Amino acid sequence: MPNKPIYRRVLLKASGEALMGEQGFGIDVSVADRIAADIKEARSMGVEVGVVIGGGNIFRGVAVASKGGDRVTGDHMGMLATIINSLALRTSLIKAGVDAVVLSAIAMPELCESFSQRQATAYMDAGKVVIFAGGTGNPFFTTDSAAALRAAEIGADALFKGTQVDGVYSADPKKDPNAKRFEKITHAEVLREGLAVMDTAAIALARENNIPIIVYSIHETGGFGAILRGEGRCTVVSET
Ligand code: UDP
């Protein structure tokens, strides 16, 4: 008999880079399918799941700005990239038999519905996976901030940050063999030490709204479900 999940409603943030797999650009459908399978497992446990996906596998606004172009237009392009990724994940979820909807912060009625907090929570109450596309809808933000914002809006019990490694480290474990891994740490410590978890605005928003951040490896098949059962490998960022 599987353990009862330790969270009822969660927001999962995956970077766009996670979706590109080994390709170096764009979307590896097999990776989208695997993330969809992890979400399906969470749904089978009765956990309500919202998702925010980044756009870094396709475009980031800073790429325009660093070449002397207009940052705001660049960020608009980045937000469009997140919509492409969201449609890809929705496709994988539907293929896996998981009911899912994309709600975009930027109106695109031909492609997906527009975001509203009321509609999002109604869909989640009804058991649909809600994918929040288009970031916050504003330039100069990131999808980390969008994830913290949506987590607060939907009343998520936890914000899952899927990363390349299995938690928060004192330094990059791929470069520093002495990097220390934390089991638990507070939002304030993450901010004070400048640890690479999520951007500062996202951590501050999560802290203000008392939302724990669960940092885990997005590449570990079944890792999401294991953490939801209280068994998986992760770092918990919380005030308690
Ligand atoms: N972006 C934005 N506002 C937002 C979210 C994202 O302008 O609220 C743009 C920004 O240019 C960013 C890009 O979309 O670089 C892709 O998002 P992000 O870099 O967060 O993706 P990730 O690193 O998670 O793949």
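The following paragraphs examine the structure supplied in this document. (Residues numbered from 1 in each chain as written. Predicted model: local features only at pLDDT ≥ 70, side-chain atom pairs only at ≥ 80, totals over all residues. Heavy atoms only, no water.)

Most of strand β6 (residues 158-163) is tucked away, with six of its six residues classed as buried. Neither face of β6 is open: one carries A158, F160 and G162, the other L159, K161 and T163, and all of them are buried. Relative to strand β10 (residues 213-217), β6 runs parallel, the two being bridged by five bridges. Bridged to K161 within β10 is V215. (Buried < 20%, exposed > 50% of the residue type's maximum accessible area, 1.4 Å probe, protein only. Helix = DSSP H or I, 4+ residues; strand = E, 2+ residues; numbered from the N terminus. Pairing = 2+ DSSP bridges.)

For the rest of this paragraph, the subject is the site of the ligand. What surrounds the ligand is a group of 20 residues, the closest being R60, D75, T136, N138 and T143. A distance of 3.0 Å is found between an oxygen atom of the ligand and a backbone nitrogen or oxygen belonging to G55. Contact with the protein chains covers 92% of the free accessible surface of the ligand, which is 520 Å². With respect to the detected pockets, the ligand is housed in the largest pocket. Listed by contribution, the elements that provide at least two residues to the shell around the ligand are α1 (16-19) and α4 (71-95). No other element matches α4, which puts three residues into the shell around the ligand. Residues belonging to the shell around the ligand are distributed by class as follows: four nonpolar, 12 polar and four charged. (Near = heavy atom within 4 Å. Polar contact = N/O pair within 3.5 Å; in protein donor to acceptor, adjacent residues only side chain to side chain. Areas by Shrake-Rupley, 256 points an atom, 1.4 Å probe, with all protein chains shown as cover. 1 Å grid on protein atoms, 1.4 Å probe; cavity = no way out; pocket = protein on both sides within 12 Å on 5 of 7 lines; lining within 4 Å. Sits in = over half its atoms within 2 Å of the grid points. Nonpolar A, V, L, I, M, F, W, Y, C, P; charged D, E, K, R; others polar.)

I39, F160 and F224 are the most contacted members of the largest nonpolar core, which totals 38 residues. With sequence-adjacent residues up to four places away left out, I39 is seen in contact with L12, V49, V51, L89, L93, V129 and F224. Listed in part, the 30 residues of the second largest apolar core include V52, V101, L103 and I185. (Core = buried A, V, L, I, M, F, W, Y, C linked by side-chain atoms within 4.5 Å. Contact = heavy atoms within 4.5 Å.)

Here we come to the pattern of salt bridges. Overall, the coordinates contain 17 salt bridges when judged by the stated rule. Among the salt bridges present, the one from R8 reaches E48, with a minimum N-O distance of 3.8 Å. Here R8, found in the segment before β1 (9-14), pairs with E48, found in strand β2 (residues 48-53); they are 40 residues apart in sequence, far enough to count as distant. What makes R8 partly exposed here is its relative accessible area of 48%. Here K175 ties to D172 by a salt bridge, and the two come within 3.8 Å at their closest N and O atoms. A single network of salt bridges, built from pairs that share partners, joins R8, R9, E48 and D125. (Salt bridge = Lys/Arg side-chain N within 4 Å of Asp/Glu carboxyl O.)

Every buried residue of helix α5 (residues 117-125) is listed here: A120, T121, Y123 and M124. Projected down its long axis, α5 shows its buried positions confined to an angular sector of 160°, all on one face. Looking at α5, the residues exposed on the side facing more than 90 degrees away from the buried face are R118 and D125. Elements in contact with the buried residues of α5: β1, β2, β3 (100-104), β4 (113-114), β5 (129-133) and α6 (143-153). (Arc of directions from axis to C-beta.)

Among the five residues of β5, five are classified as buried, and the element is accordingly described as predominantly covered. With burial as the criterion, each face of β5 is covered, one bearing V129, I131 and A133 and the other bearing V130 and F132. When β2 meets β5, the two strands line up parallel, connected through three bridges. Bridging from a neighbouring strand, G50 pairs with V130 of β5. With five bridges joining them, β3 and β5 adopt parallel strand pairing. Following the sheet pairing, A100 is matched in β5 by V129.

In this section: helix α8 (residues 200-208). Structurally, the α-helix is built with 3.6 residues per turn, so residues lying three or four positions apart point the same way. A202, I203 and A206 are the residues of α8 that are buried. Each buried residue of α8 lies within a common arc of 100° when the element is viewed along its axis, so the set occupies one face. Along α8, exposed side chains directed more than 90 degrees from the buried face belong to T200 and E208. Buried-residue contacts for α8 involve α6, α7 (187-193) and β10. Where α8 ends, the next residue or the one after it, N210, has phi of about 55°, a positive value.

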